[in-house]
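# Structural features, examined
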Amino acid sequence: MLREELDLTGTKYGCGEGQCGACTVLVDSQPKRSCLIKVAAVAGKSVLTIEGLEKDGRLHPLQQAFLDADAMQCGYCTAGMILAGVALLDRAADPAEADIAHALEGNLCRCGTYPRIVAAVRAAARSVRSTSRG
C-alpha cells in the first residue's frame, strides 16, 4: 500500500517476513514492520514514513546525522534504521551505545556500516538535546 498506492517509496520491501527492518515505519510512534501490517490494523493510527520526517525543508536531525557520518552505502536499510532511531530518540534523550544497538538490532545493514550508524544516532541525540536547551 505505501509504495504502490501512496507512492511513498522510502519504505523498502526487503524480506517480506519482518526480519530485515527495511520496511520499518512508526505506528503511533512505535517502530513496526510494514510488511506484516494490514491496512485495516492501522486505521485511525498515526503512520510515519521516512518522507514525513522532513519539516519545512529541513531534515530531521537523524537524517542529517546519517549524511554527516556517511552512515549509508547502498541506502536500502537507511529509512528503516532512521525510523527505528527516531523512535529511540523520542523516548531516550541520551541513549547509551548499548541502547542504540538494542533499538536497531532488528534492522539489518548489508553494507555493515553499523559503527557509523551508531555514531549518527549519538550525534543526532546531541543535536536534539542542544536544540531543546536553546
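Placed above this text is the structure.
Our subject in this report is the structure included herewith. For clarity, every value in this text was computed on a predicted model and none was experimentally measured.

The biggest cluster of nonpolar side chains holds 27 residues, and the ones touching the most others in it are Leu62, Phe66, Met81, Ile82, Leu104, Ile117 and Val121. For this core, the secondary-structure elements that each account for two or more residues are helix H1 (61-68), helix H2 (78-91), helix H3 (97-104) and helix H4 (114-133). Ranked by the residues each element gives to this core, the list is headed by H2, at nine residues. If we ignore the near neighbours within four places in the chain, the residues touching isoleucine 82 are Ile50, Leu53, Leu62, Gln63 and Phe66.

Turning to the environment of arginine 3, a few remarks are in order. Turning to its location among the elements, arginine 3 is positioned in the segment before strand S1 (24-27). The partly exposed category is assigned to arginine 3, whose relative accessible area is 31%. For the pair arginine 3 and tyrosine 13, spaced ten residues apart in sequence, the C-alpha separation works out to 8.7 Å. Excluding residues that lie within four positions of it along the chain, arginine 3 makes contacts with Leu8, Thr9, Gly10, Thr11, Lys12 and Tyr13. Of the polar contacts made by the side chain of arginine 3, one reaches the backbone oxygen of threonine 11; its length is 2.9 Å.

About the thresholds
- Residues numbered from 1 in each chain as written.
- Predicted model: local features only at pLDDT ≥ 70, side-chain atom pairs only at ≥ 80, totals over all residues.
- Heavy atoms only, no water.
- Core = buried A, V, L, I, M, F, W, Y, C linked by side-chain atoms within 4.5 Å.
- Buried < 20%, exposed > 50% of the residue type's maximum accessible area, 1.4 Å probe, protein only.
- Helix = DSSP H or I, 4+ residues; strand = E, 2+ residues; numbered from the N terminus.
- Contact = heavy atoms within 4.5 Å.
- Polar contact = N/O pair within 3.5 Å; in protein donor to acceptor, adjacent residues only side chain to side chain.

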